Amino acid sequence: MKMVFRWYGEDDPVTLKYIKQVPCISGIVSALYNVQVGENWPLSKIEELKRRVESKGLGFEVIESVPVHEDIKLGLPTRDTYIENYKETIRNLSKMGIKVICYNFMPVFDWTRSQLDKVLDDESTTLVYYKEQIKDMNPLDGSLSLPGWDSSYKLDELQDLFEKYSHITEEKLWENLEYFLKQIVPVAEQNDIKMAIHPDDPPWPIFGLPRIITGEKALERLVKIYDSPSNGLTICTGSLGASKDNNVVKIIEKFTPLGKVHFVHARNVKLLEDGSFEESAHLSNCGSMDMTEILKALYEGGFTGYIRPDHGRMIWGETGKAGYGLYDRALGAMYLTGIWEAIKKQK
Ligand code: DNO
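Residues numbered from 1 in each chain as written. Predicted model: local features only at pLDDT ≥ 70, side-chain atom pairs only at ≥ 80, totals over all residues. Heavy atoms only, no water.

Draft legend 1. Inspection of the overall build of the protein at higher detail. Looking only at helices and strands, the protein has twelve helices and twelve strands in total. Here the C-alpha radius of gyration of the protein, 19 Å, is about what a compact globule of 347 residues would show, namely 20 Å. Taken over the C-alpha atoms alone, the protein extends approximately 55 × 45 × 40 Å along its principal axes. Counting all 347 residues of the protein, 55% fall into the buried class. The contacts in the protein between residues at least 6 apart in sequence include a share of 72% that link residues at least 24 apart. (Helix = DSSP H or I, 4+ residues; strand = E, 2+ residues; numbered from the N terminus. Rg over C-alpha atoms; globule rule 2.2 N^0.38 Å. Buried < 20%, exposed > 50% of the residue type's maximum accessible area, 1.4 Å probe, protein only. Contact = heavy atoms within 4.5 Å.)

Draft legend 2. Expanded view of the site of the ligand. As a structural note, the neighbourhood of the ligand is formed by 14 residues, with Glu64, Ser65, Asp110, His311 and Tyr324 the closest of them. Here an oxygen atom of the ligand and a side-chain polar atom of His198 are 3.3 Å apart. A distance of 2.5 Å is found between an oxygen atom of the ligand and a side-chain nitrogen or oxygen belonging to Tyr324. Isolated, the ligand exposes 330 Å² of accessible area, and the fraction of that covered by the protein chains is 98%. (Near = heavy atom within 4 Å. Polar contact = N/O pair within 3.5 Å; in protein donor to acceptor, adjacent residues only side chain to side chain. Areas by Shrake-Rupley, 256 points an atom, 1.4 Å probe, with all protein chains shown as cover.)

Draft legend 3. Up close: the pairing of strand β4 (residues 100–103). Residues of β4 alternate between two faces, with Val100 and Cys102 on one and Ile101 and Tyr103 on the opposite face, all of them buried. The sheet contact formed by strand β3 (residues 59–64) and β4 spans three bridges and is parallel. Residue pairing in the sheet places Glu64 in a bridge with Cys102 of β4. With four bridges connecting them, β4 and strand β7 (residues 194–197) associate as parallel partners. Paired with Tyr103 across the strands is Ile197, a residue of β7. (Pairing = 2+ DSSP bridges.)

Draft legend 4. Up close: the pattern of salt bridges. By the definition in use, this model includes 30 salt bridges. Among the ionic pairs, Arg313 bridges to Asp328, the shortest N-O distance being 2.9 Å. Of the two residues, Arg313 is situated in the loop between β12 (306–309) and α12 (327–346) and Asp328 in helix α12; the sequence distance between them amounts to 15 residues. Judged by relative accessible area, which is 11%, Arg313 ranks as buried. Its relative accessible area of 2% is what places Asp328 among the buried residues. A cluster of three or more residues bridged by salt bridges with shared partners is formed by Arg6, Glu64, Arg113, Asp201, Arg267, Glu279, Arg308 and Asp310. (Salt bridge = Lys/Arg side-chain N within 4 Å of Asp/Glu carboxyl O.)

Draft legend 5. Highlighting the sheet that holds strand β11 (residues 277–280). Here four strands make up an open sheet; going across it, the order is β5-β6-β11-β10 and the pairing antiparallel. Of all strands in the sheet, those bounded by a partner on one side alone are β5 (115–119) and β10 (268–271). Looking at each pair of strands side by side, their axes are set apart by 40° on average, direction ignored. Here β10 pairs with β11 via four bridges, running antiparallel. Across the sheet, the residue bridging to Asn268 is Ser280, located in β11. (Axes fitted to C-alpha atoms, helices over the stretch in contact; angles between N-to-C directions.)

Next comes the structure, spelled out in C-alpha cells:
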C-alpha cells in the first residue's frame with residue numbers, strides 16, 4: 001500500500017513541507033480547485049500542480065476528486081458535453097502520470113455533517129452527524145455552510161436543482177450513472193487510469209435527495225455495470241461504516257481480491273444509538289471501526305493501492321479546515337502504517 005495525504009493546494013494551511021515531514025507519506029492527493037465543475041482540466045494547470053508537489057519530493061498519482069456535473073447525474077441532454085469534457089480530463093491527467101481518479105455520484109451535496117466543531121471530552125473538536133440537528137436544517141435556507149455544501153450555488157439555482165431531483169428516483173440515478181460509466185470507463189482503461197467511486201457520505205438519502213452508493217449491494221451493482229479494472233472503488237471506512245447495516249471488513253474482503261479497491265480512506269467513526277455518528281481519532285478503541293481488522297482484510301486481499309488517513313479531530317490548538325488539519329491526520333497515518341508494518345512482519 002502507498003500512504004498518501006490530502007492537500008488542498010496553495011491555500012491549504014497544511015504545507016507540503018509539513019506533510020513531507022510525516023515519514024510514512026509518499027504522495028499527495030489533490031485536485032484543481034479553480035476549474036468550474038464540468039469544465040475540462042487544462043494540461044498546463046495539472047502540470048503546474050504536479051511540479052509543485054513533486055518539487056517537495058512527494059508523489060502525485062491520485063486525484064480527489066474530478067467532480068461530476070449535476071446534468072450528468074440528472075441525465076439531462078446537456079450531459080454529453082460534460083461527459084466529453086470529463087474524458088478529456090482523464091486523458092490529460094493520464095499524461096501527467098495520474099493513476100487513480102476518485103469521484104462520487106452524490107446529488108447536490110457531497111459529504112454532509114451537522115456540526116463541524118463538536119467539543120469532545122478531551123477538548124479537541126470533531127465533525128459530527130446528529131440526526132436531530134439534520135432534521136432542523138433546511139438546505140434552501142441559504143445561510144447554511146457545511147462541508148459538501150457547494151456555496152457557489154445561488155439560492156434560486158439550488159431550488160431549481162431540488163425541483164429537478166424531485167423527478168429522479170434511485171433507479172433513474174442508477175441509469176444515469178450507468179450511462180456515464182459506459183462512456184468514461186473505456187477511456188480510463190485506454191489511458192491506464194483507475195476510476196474509484198467514493199461511497200455516499202452518509203450512506204443514506206438526505207434532504208429528500210436520492211443516494212445510491214450506500215453499501216455492499218450497491219458496490220456489487222456498480223462494478224457489474226462495466227467489467228474493467230478501471231471501474232473500481234474508493235473504500236471509505238468512515239462513510240460506509242456510518243451505517244450499522246454495513247460490515248466494512250466484509251466489504252473489503254469481498255472487493256479487494258477482485259482488484260476493485262484502488263483507494264482507501266481510513267478513518268474511524270463512533271456510532272450512536274439513534275444512527276447518528278461522531279468522527280473520532282483513528283485509533284480502534286476511540287470509535288466503532290476496528291482498524292487492525294480493516295488493514296488485515298486489505299493486506300490479505302493483496303491490496304497494493306493508495307490509502308490516506310481521513311478526517312481527524314482538530315487537536316493541539318490547530319485551526320484551519322475542519323477535519324483536515326495536519327496533526328490528527330499525521331497521527332492517523334503513522335498509526336495505520338504501524339499496524340500495516342506489524343501485519344506484514346507477522347506473515
Ligand atoms: C470528505 C471526502 C469527500 C470526497 C469526495 C470524493 O472528506 O472524503 O469529500 O472527497 O466525496 O468524491
